[in-house]
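Spelled out, the chains give:
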Amino acid sequence: MSRAFEAGGRPVRRARTLAQVYRRFGEVDAAATSPLYERVAVALSESDEALRAIEAAPARRRHPTVVLAALHDLALAGRAPALAAAYAAADGDAAAAAAIDTLLRMTDSVAAIAARRRTRPDETGHCAVLYPAVAEAARRAGANAVGLIDVGCSAGFNLNVDRVGITYGDGRPLGDPSSPVQTRCSVVGDRPVPTRAMPEVVARVGVDPDPVDVTDADDARWLRACLWPDRPDLAERLARLEAETALAAAEPPILLPGDTVEALPDAFARVPPDALPVVTTTWALSRLPLESRLRFLHRLDEAALGRSVAWVSAEGVGVAPTIPTLGDRRASGHSILGLAVFEHSALHAEAVGRSWSRGRLLSWFPDS
């Protein structure tokens, strides 16, 4: 079958598809919260030269969120001053022109950043679902100390779950009330979240294909670059990011790059033998194919041959193997909070709650 090509050898169908992706992102995804990104994304969709430059990045790294974050990173680094000025002035037309100019002048730099980096999830709220579940895991295992292993750790903020102050909608507090990082979580239903304190954390290990080291200036800047430059709550998010970064930098965790499943044995080895290893996954397993998720489960089972191991998961319905779905349908708009304890050859897995909006709302099941 013959295929139509434009000048330069680019398939017409492919070009139109990329243009449609950027236009839809601008007009649908960005329109409500970021007029700057709406204007920039639409401008990129209308520029053949810009689309060709975007195609210098690997196929899976051409999404608008990645490319726009890469451009933002260059602006924050002082390498794209016109784009930085346009963002600071909230001038959509100037930002669109500067984004295209930066992309064309620095195609290799944009492609390199996009190839190496991935956009970082907003981890605000994760600790509110993790804290009570980790404390419950320790209670069930009779542990006086825990070692946290966060899979898909991003910047390792989840590993500071015990250092964050949490206030639930019913007024119950958990964590450190004097922490510079404070978060709130609404409670759904009439069952309160238990206020059992987490035992001492003696190890903090992050496992991620490309972990972010907050003590590295380039890595820290990338976290900032992932925030849209004109979102209405930018000041609040920047303040929180700075507080979370400072908290993580005060006592940096061990970061293990590489395959998240294959690195698990090394992670378990970093937890002292008298502490309970608690593996946490927060909306991370969906990035893995089913085969890898099953291998992940097998790694936990292997580690439990010589010691008890716990796994706390906050994942979409049906994503976490062995965690009951409670009859909920996939893509139902909420997540299941799961708790699994591996003790030698026995596995006890159950759903302990439901969560909405990535941890901003929580419904807790077990009795406190």
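Residues numbered from 1 in each chain as written. Predicted model: local features only at pLDDT ≥ 70, side-chain atom pairs only at ≥ 80, totals over all residues. Heavy atoms only, no water.

Under an unreviewed UniProt entry, the protein has the name DUF2332 domain-containing protein and belongs to Streptomonospora halophila.

Student: I'd love a proper account of the confidence of the model for the protein, names of residues and values included.
Tutor: Across the protein, the average pLDDT comes to 92, with 94% of residues at 70 or higher. Contacts for the low-pLDDT stretch residues 1-12, under 50 throughout, to residues beyond four places or in other chains number 15 contacts. (pLDDT = per-residue confidence, 0-100. Contact = heavy atoms within 4.5 Å.)

Student: Describe unusual backbone geometry, listing the residues and the values that go with them.
Tutor: Here the phi dihedral of A90 falls at roughly 55°; this positive angle occurs in a residue that is not glycine. Mapped onto the elements of the fold, A90 is located in the loop between α5 (81-89) and α6 (92-105). A relative accessible area of 51% places A90 in the exposed class. With a phi close to 50°, W283 is a non-glycine residue in the positive phi region. Mapped onto the secondary structure, W283 falls in the loop between β7 (276-282) and α12 (290-303). (Helix = DSSP H or I, 4+ residues; strand = E, 2+ residues; numbered from the N terminus. Buried < 20%, exposed > 50% of the residue type's maximum accessible area, 1.4 Å probe, protein only.)

Student: Explain the state of the cysteines residue by residue, including any values.
Tutor: Summed over the entire model, instances satisfying the criterion amount to zero disulfides. Cysteine C185 shares no disulfide, and the gap to the nearest cysteine sulfur, in C127, comes to 11 Å. On the basis of relative accessible area, C185 is assigned to the buried category, the value being 2%. (Disulfide = S-S within 2.5 Å.)

Student: Requested: an account of the packing of aromatic side chains, with residues and values cited.
Tutor: Counted by the stated rule, this structure contains four aromatic pairs. With a centroid separation of 5.6 Å and 65° between ring planes, the pair formed by F25 and W228 is classed as edge-to-face. In this pair, F25 sits in helix α1 (residues 12-30) while W228 sits in the loop between α9 (217-225) and α10 (234-250), placing the two residues 203 residues apart along the sequence. For the pair formed by F25 and W228, the shared burial category is buried. Relative to W228, the ring of Y37 lies with its centre 5.5 Å away and its plane at 55°, an arrangement referred to as tilted. Of the two residues, Y37 is situated in helix α2 (residues 35-45) and W228 in the loop between α9 and α10; the sequence distance between them amounts to 191 residues. Accessibility assignment for this pair places Y37 and W228 in one class, buried. Every member of this aromatic cluster is reached through a ring pair, and the members are F25, Y37, Y87 and W228. (Phe/Tyr/Trp six-rings, centres within 6.5 Å; stacked < 30°, edge-to-face > 60°.)

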